[in-house]
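# Inside the fold
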Amino acid sequence: MNIFKIKINFEEADHQSVELPIAEGESVLDVCLDNGIELQHNCGGVCGCSTCHVYINKGMDNIQEISDKEEDFIDRAVNPRINSRLGCQSVVIDGDIEVTLPDQSQFLGH
């Protein structure tokens, strides 16, 4: 199993960027949850909502390709961009990545 690096940036001004290890086959959502980083995931991380929406800044070629189902949910995300992906579906296959987590305070119940 290969280990790569993930740099996580935050839209929230009071959060500092962090760099963490990410294993081949592991998702952005998994790394966040394992390291106490808040990333909403209302469906439980099964590509059933858009709350774990992230922006892939670098390394898009290092994660699994986007599925039609994921594209449909990204269209429903808050402020989607060309580099939007779902954290639960952003599974590393080869190499380092850099992501930005949208402001998590926008979700009800936060």
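Residues numbered from 1 in each chain as written. Predicted model: local features only at pLDDT ≥ 70, side-chain atom pairs only at ≥ 80, totals over all residues. Heavy atoms only, no water.

Turning our attention to the pattern of salt bridges. If you walk through the whole model with that rule in mind, you get 4 salt bridges. When the shortest N-O distance is used, the salt bridge between Glu11 and Arg81 registers 3.4 Å. Taken together, the residues Glu11 in the loop between β1 (3-10) and β2 (18-23) and Arg81 in the loop between α2 (68-74) and β4 (84-86) connect sequence positions 70 residues apart. A residue is classified by how much of its surface remains accessible, and Glu11, at 39% relative accessible area, is partly exposed. We classify Arg81 as partly exposed; its relative accessible area is 44%. With its nearest N and O atoms 3.7 Å apart, the salt bridge here joins Glu98 to Lys58. Placement of the pair is Glu98 in strand β5 (residues 97-101) and Lys58 in strand β3 (residues 53-58), with a sequence separation of 40 residues. (Salt bridge = Lys/Arg side-chain N within 4 Å of Asp/Glu carboxyl O. Helix = DSSP H or I, 4+ residues; strand = E, 2+ residues; numbered from the N terminus. Buried < 20%, exposed > 50% of the residue type's maximum accessible area, 1.4 Å probe, protein only.)

Judged by nonpolar contacts, the single largest core of 25 residues is most densely connected at Ile6, Ile8, Ile97, Val99 and Leu101. For Val99, the residues in contact, after removing those within four places along its chain, are Ile6, Lys7, Ile8, Asn9, Val28, Tyr55, Ile56 and Asn57. (Core = buried A, V, L, I, M, F, W, Y, C linked by side-chain atoms within 4.5 Å. Contact = heavy atoms within 4.5 Å.)

Right, let's talk about a negative patch on the surface for a bit. Taken together, the side chains of Asp68, Glu71, Asp72 and Asp75 define an acidic patch exposed on the protein surface. Within the secondary structure layout, Glu71 lies in helix α2. (Patch = residues over 30% accessible without salt bridge, like charges linked within 9 Å, V, L, I, M, F, W, Y side chains within 5 Å. Areas by Shrake-Rupley, 256 points an atom, 1.4 Å probe, with all protein chains shown as cover. Lys, Arg positive; Asp, Glu negative; His and termini not counted. Charge placed at Lys NZ, Arg CZ, Asp CG, Glu CD.)

Let us look at the sheet that holds β2. One open sheet holds the 5 strands; their spatial order is β2-β1-β5-β3-β4, and the pairing between them is mixed. The open sheet terminates on both sides in strands that have one partner only, identified here as β2 and β4. Adjacent strand axes in the sheet meet at a mean angle of 40° when their direction is disregarded. Judged from the 3 bridges that link them, β3 and β4 form a sheet pairing that is antiparallel. Among the inter-strand pairings, His53 is bridged to a residue of β4, identified as Leu86. (Pairing = 2+ DSSP bridges. Axes fitted to C-alpha atoms, helices over the stretch in contact; angles between N-to-C directions.)

Attention shifts here to the environment of Pro80. Note on placement: Pro80 falls in the loop between α2 and β4. The sequence separation of Pro80 and Ser50 amounts to 30 residues, and the corresponding C-alpha distance is 10.0 Å. The contacts of Pro80, once residues within four sequence positions are left out, are His53 and Ile74.

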